[in-house]
Amino acid sequence: MIIKPKFRGFICTTAHPEGCAQQVRNQIDYVKSQPAINGPKKVLVIGASTGYGLASRITAAVGAGADTIGVFFERPSSGNRTATAGWYNTAAFEEAAREAGLFAKSINGDAFSNEIKQQTIEMIKREWGKVDLVVYSLAAPKRVHPETGEVFSSVLKPIGQTFSNKTVDFHTEEVSHISIEPATEEEIRHTIAVMGGEDWKMWIDALQEADVLNEGAKTVAYSYIGPVVTHPVYREGTVGRAKNHLEATAHELDKQLKKIGGEAYVSVNKALVTQSSSAIPVVPLYISLLYKVMKEKGLHEGCIEQMYRLFNERLYTGGEVQVDEEGRIRIDDWEMREDVQAEVSARWSKVDSDNLKELSDIEGYRRDFFQLFGFETDGVDYEADTEANVTIQSLA
């Protein structure tokens, strides 16, 4: 079929297999162009099919020569419906890993469930014995609690009072004002249950009880802080409460893993275009301004550059891991540089629909969003008849 992008709100409902494969190859080529990492050899990535999780898997495999198991929840193609981007990404990654002589297997299902945790443990025991690194990079709007069956739904809302500020519709390039009503206590509780640290701890508890964590094993989960302008809807909002819980869980897990010489960290990463970030009001406008400033200063990074830096300059330097006063790894350090934030702030106060293209990189934001689904990627013929039915070999 000829595959074109189709939208429902902020979600792209189609994905292009060739475009996704090219995006994966581009990330692999970047890591190949960098010095090798003296890193982990058996890596489990929970949330491995897109964004930071996929980039972590690629960095571990290509940069450190690691065997990987990836866990995710993606949909294969069906009839005239394409698979999800994460499905195509994983198929391309597994193919490249096999060509490089690396073990790469995947598990598709609800990572919040006990069944998928058990399936993963059984695969580790059967194939490897033990794991060196567990990357936790789940991003989901809902979670069914594996013990109680309660269904939690996360919300992106401020806490305490209504928040009003600028935002942008990157499809129409229109800057407008938006007001978001504050979350209820129940919505806060739900968001913490979905995006906090409880499931991460459940994973590490299960892996430790099954004795499949190697001596000195590390685990890392991903977070974001961002600038003052996004704090009411992000860091001081419902998502921020969840991230606080995630960071508190890291301290708890660090003490727990010390018994086997291990470590647990939260890495605070840079703002990037993801399906999640595109749905948060205010954030797309901030990222568009940030991209323009960081590109002008030669500081811009995507997921793969961030993850390479995390592995090579933080987690696996051979020395003590560099952290901030809260014990967090900071690879948002270039984003949060004083000169970068001052320039973004100055542009924020001026930006409107008329000068958006001049002050921001809205076109780069839009292109990055399309590329999440395999579109607008150099080297791909989007007019060609394309086979949408692609197999992930380890799931066949």
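Refer to the structure above for everything that follows.
Note that the coordinates shown come from a computational prediction; the quantities given were computed from them, not determined experimentally.

Novice: So what's going on with the overall build of the protein chain? Which residues, and what values?
Specialist: When its secondary structure is counted, the protein chain shows 13 helices and 13 strands. Computed over its C-alpha atoms, the radius of gyration of the protein chain comes to 20 Å, within 12% of the 21 Å expected for a compact globule of 396 residues. Seen through its principal axes, the protein chain has C-alpha atoms that stretch 60 × 50 × 45 Å. Contacts in the protein chain between residues far apart in sequence, at least 24 positions, make up 77% of those at least 6 positions apart. Charged side chains of the protein chain number 43 positive and 58 negative; the gap between the two group centres comes to 1 Å.

Novice: Account for the pairing of strand β4 (residues 67-72), with residues named and values stated.
Specialist: Within β4, 6 of the 6 residues are buried, which leaves it mostly tucked inside the rest of the structure. The two faces of β4 match: Asp-67, Ile-69 and Val-71 on one face and Thr-68, Gly-70 and Phe-72 on the other face are all buried. Read as a crossover between parallel neighbours, the route from strand β3 (residues 42-46) over helix α2 (residues 51-64) to β4 is right-handed. Pairing geometry for β4 and strand β5 (residues 104-108), over 5 bridges, is parallel. Each residue of the ladder has a partner; that of Val-71, found in β5, is Ile-107. As for the winding sense of the linkage, the β-α-β connection from β4 through helix α3 (residues 85-99) to β5 is right-handed.

Novice: An account of the packing of aromatic side chains is needed here, citing residue identities and associated values.
Specialist: Following the criterion strictly, the structure yields 13 aromatic pairs and no others. Ring plane angle 90° and centroid distance 6.3 Å describe the contact between Tyr-30 and Tyr-308, whose orientation is recorded as edge-to-face. Of this pair, Tyr-30 sits in helix α1 (residues 17-32) while Tyr-308 sits in helix α10 (residues 303-315), and the two are 278 residues apart along the sequence. One Lys or Arg, Lys-218, reaches over the ring of Tyr-316 and ends 5.1 Å from the middle of that ring. The ring of Trp-334 is capped by Arg-309, whose NZ or CZ atom sits 3.8 Å from the centre of that ring.

Novice: Break down the nonpolar core for me, with residues and values.
Specialist: Counting 87 residues, the largest nonpolar core has Ile-58, Leu-285, Tyr-286, Ile-287 and Leu-310 as the members making the most contacts within it. Broken down by element, the residue count for this core peaks at 9 residues, all from helix α9 (residues 283-296). Sequence-distant contacts of Leu-310, that is, excluding residues within four places in its chain, are made with Tyr-222, Ser-267, Leu-315, Ile-329 and Ile-331.

Novice: Outline the pairing of strand β6 (residues 131-136), supporting the account with residue identities and numerical values.
Specialist: Burial analysis of β6 places 6 of its 6 residues in the buried class, which makes it a mostly covered element. Examined bridge by bridge, β3 and β6 share 4 bridges and lie parallel to one another. Counted as the bridge partner of Val-43 is Leu-133 from β6.

Novice: Before we move on, could you go through the state of the cysteines and cite the residues and values that matter?
Specialist: Under the definition given, this model contains 0 disulfides. A disulfide-free cysteine, Cys-12 has its sulfur positioned 9.5 Å from the sulfur of Cys-20, the nearest such atom. The class for Cys-12 is buried, based on a relative accessible area of 7%. Free cysteine Cys-303: the closest other cysteine sulfur is in Cys-20, separated by 14 Å.

Novice: An account of the sheet that holds strand β13 (residues 329-330) is needed here, citing residue identities and associated values.
Specialist: Pairing in this open sheet of 7 strands is parallel, and the strands run β5-β4-β3-β6-β11-β12-β13 from one edge to the other. Only two strands of the sheet have a single partner each, and these edge strands are β5 and β13. Summarising the sheet, β6 and strand β11 (residues 213-223) pair through 5 bridges and their orientation is parallel. Paired with Val-134 across the strands is Thr-219, a residue of β11. Relative to β11, helix α6 (residues 198-209) is tilted by about 170°, and along the sheet it contacts β3, β4, β6, β11 and β12 (263-268).

Cut-off values and rules
- Counting starts from 1 at the beginning of each chain's written sequence and moves along it residue by residue.
- Residues qualify for local features only when their pLDDT is at least 70, as the model is predicted, and side-chain atom pairs are given and counted only at 80 or more; totals for whole chains, interfaces and linings, by contrast, use all residues.
- The side-chain figures draw on all heavy atoms in the structure; neither hydrogens nor water molecules are used.
- Segments assigned H or I by DSSP are reported as helices when at least four residues long, segments assigned E as strands when at least two residues long, and all are numbered from the N terminus.
- Only C-alpha atoms enter the radius of gyration; for comparison, a globular chain is expected to reach 2.2 Å times N to the power 0.38, where N is the number of residues.
- By definition, residues are in contact when any of their heavy atoms lie within 4.5 Å.
- The charge count includes Lys and Arg as positive and Asp and Glu as negative, but it does not include His or the ends of the chains.
- A charged residue contributes its charge at one atom only: NZ of Lys, CZ of Arg, CG of Asp or CD of Glu.
- Whether a residue is buried, partly exposed or exposed follows from its accessible area with a 1.4 Å probe, protein chains only, as a fraction of its type maximum: under 20%, in between, or over 50%, in that order.
- Handedness is read with the strands pointing away from the viewer; a crossover is right-handed when the path from the first strand over the helix to the second is clockwise.
- Paired strands, in this sense, are two strands between which DSSP finds at least two bridges.
- Two rings from Phe, Tyr or Trp (for Trp, the six-membered ring) form a pair when their centres sit within 6.5 Å of each other. Planes less than 30 degrees apart are called stacked, planes more than 60 degrees apart edge-to-face, and all others tilted.
- To sit over a ring, a charge needs its Lys NZ or Arg CZ within 6 Å of the ring centre and within 35 degrees of the ring normal.
- Only buried Ala, Val, Leu, Ile, Met, Phe, Trp, Tyr and Cys residues count toward a nonpolar core, and they belong to the same one when joined by side-chain atoms within 4.5 Å.
- Note that a disulfide, as used here, is simply two cysteine sulfur atoms within 2.5 Å.
- Note on method: axes are straight lines fitted to C-alpha atoms, helices fitted across the in-contact stretch only, with angles between N-to-C directions ranging 0 to 180 degrees.

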